[in-house]
Amino acid sequence: MNAARTLATARRVLRQLAHDPRTVALLLLVPVLLLVLLYYVFDADRRSFDSIGASLLGIFPLVTMFLVTSIATLRERTSGTLERLLSMPLGKADLILGYALAFGALAVVQASVATGVAVWFLDLNIVGSPWLLLLIALLDALLGTALGLFVSAFAASEFQVVQFMPAMVFPQILLCGLFAPRSSMQPALEAISNVLPMSYAVDGMTEVLKHPDATGDFVRDAVIVAGSALLVLFLGAATLRRRTA
């Protein structure tokens with residue numbers, strides 16, 4: 001792994017994204033618009049908005065980063081760009097980390113905008129610090145980036161990327177505790193939810209809602225989400241292919 005090559009890859013990806021305003025708009029505006037929509041859905045029940053809105057503040061960035069990252073990486077491979085890059089002295093780790101840095105920078109902006117709008121414009125009522133809320137939202141966005149890089153290695157078309165959504169993201173949304181406490185689920189489903197990273201992202205958001213300071217459970221949840229992202233990035237580097245068969 002070479003730091004200069006990794007940074008060069010990140011700069012190249014950011015330049016490409018700068019020429020794609022629709023993708024940037026998808027990343028930055030869609031989570032905010034969905035939060036605003038949710039605010040008016042629960043217009044008569046602010047307590048429900050506070051509870052669900054904080055959780056979705058982490059889920060929405062994960063979903064959008066997953067889609068954009070997986071499709072962008074797939075295009076690099078199907079267009080032959082990835083094959084040309086890997087024929088140069090550029091390792092898979094350099095490439096994956098470069099992509100992670102580029103999309104991670106966008107994730108920082110995305111999570112910051114969504115958290116700022118939720119807390120200061122939609123009056124999301126939290127006991128803890130907004131910075132802790134931002135941290136979990138950012139880690140979730142980075143997890144979405146890692147999952148997108150990983151999934152792109154197994155998809156042959158953009159349609160197949162979309163098909164991975166029900167397989168990898170939707171089960172996590174259903175089992176993360178958003179709709180029902182995980183402890184009230186069937187034992188088998190609870191056991192599955194205990195190994196899904198989104199469950200700990202939602203738990204971390206809940207800790208910020210209820211406690212003024214970072215608790216031990218919050219630190220555990222944040223570490224698990226961050227560790228999951230790093231693990232998936234490693235798997236993405238191990239499974240990266242130069243081109244689509």
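The preceding data block contains the structure.
On a predicted model such as this, the values are computed, not experimentally measured, just so you know.

Student: Quick rundown of the packing of helix α3 (residues 46–78) against helix α6 (residues 130–152)? Include the residues and the values.
Tutor: Orientation of α3 relative to α6, taken along the N-to-C sense of each, is 30 degrees, at an axis distance of 7 Å. Put simply, α3 runs roughly parallel to α6. For the pair α3 and α6, the crossing hand works out as right-handed.

Student: Give me the environment of A3: which residues, what numbers.
Tutor: Checked against the element boundaries, A3 lands in helix α1 (residues 3–18). For the pair A3 and G98, spaced 95 residues apart in the sequence, the C-alpha separation amounts to 9.1 Å.

Student: Describe the packing of α3 against helix α10 (residues 197–210), listing the residues and the values that go with them.
Tutor: Where α3 contacts α10, the two axes come as close as 9 Å, and the packing angle between them is 140 degrees. The orientation of α3 relative to α10 falls into the category oblique. For the pair α3 and α10, the crossing hand works out as right-handed. Residue-level inspection shows D50, S51, A54, S55, L57, G58, I59 and L62 of α3 in contact with α10, the latter providing M198, V202, M205 and L209. Looking at the contact of α3 with α10, its residues break down into eight nonpolar, three polar and one charged.

Student: Which residues make up α3, and what values do they have?
Tutor: For α3, built from 33 residues, the straight-helix expectation of 48 Å at 1.5 Å per residue is met to within 8% by its first-to-last C-alpha distance of 47 Å. Taking burial as the measure, the 33 residues of α3 include 24 buried ones, the bulk of the element.

Student: An account of the side chain of Q110 is needed here, citing residue identities and associated values.
Tutor: Mapped onto the elements, Q110 comes out in helix α5 (residues 92–121). In this structure the side chain of Q110 is engaged in a polar contact, spanning 2.7 Å, whose partner is the side chain of T64.

Student: So what's going on with the nonpolar core? Which residues, and what values?
Tutor: L57, I59, F103 and L133 are the most contacted members of the largest nonpolar core, which has 67 residues in total. When residues no more than four places from it in sequence are discounted, the contact partners of I59 are D140, I173, C176, L178, M198 and V202.

Student: Residue-level account of helix α2 (residues 21–41), with values.
Tutor: The first and last C-alpha atoms of α2 sit 29 Å apart over 21 residues, in line with the 30 Å expected at 1.5 Å per residue. The largest bend in α2 amounts to roughly 40 degrees and is located at L29, with the proline P31 lying one to four residues further along. Every buried residue of α2 is listed here: T23, L27, P31, V32, L35, L38 and Y39.

How each quantity is defined
- Residues numbered from 1 in each chain as written.
- Predicted model: local features only at pLDDT ≥ 70, side-chain atom pairs only at ≥ 80, totals over all residues.
- Heavy atoms only, no water.
- Axes fitted to C-alpha atoms, helices over the stretch in contact; angles between N-to-C directions.
- Helix = DSSP H or I, 4+ residues; strand = E, 2+ residues; numbered from the N terminus.
- Parallel < 35°, antiparallel > 145°, perpendicular 65-115°, else oblique.
- Left-handed = near helix turned anticlockwise from the far one by under 90°.
- Contact = heavy atoms within 4.5 Å.
- Nonpolar A, V, L, I, M, F, W, Y, C, P; charged D, E, K, R; others polar.
- Expected span 1.5 Å × (residues − 1).
- Buried < 20%, exposed > 50% of the residue type's maximum accessible area, 1.4 Å probe, protein only.
- Polar contact = N/O pair within 3.5 Å; in protein donor to acceptor, adjacent residues only side chain to side chain.
- Core = buried A, V, L, I, M, F, W, Y, C linked by side-chain atoms within 4.5 Å.
- Bend = angle between axes of the 7 residues up to and from the residue.

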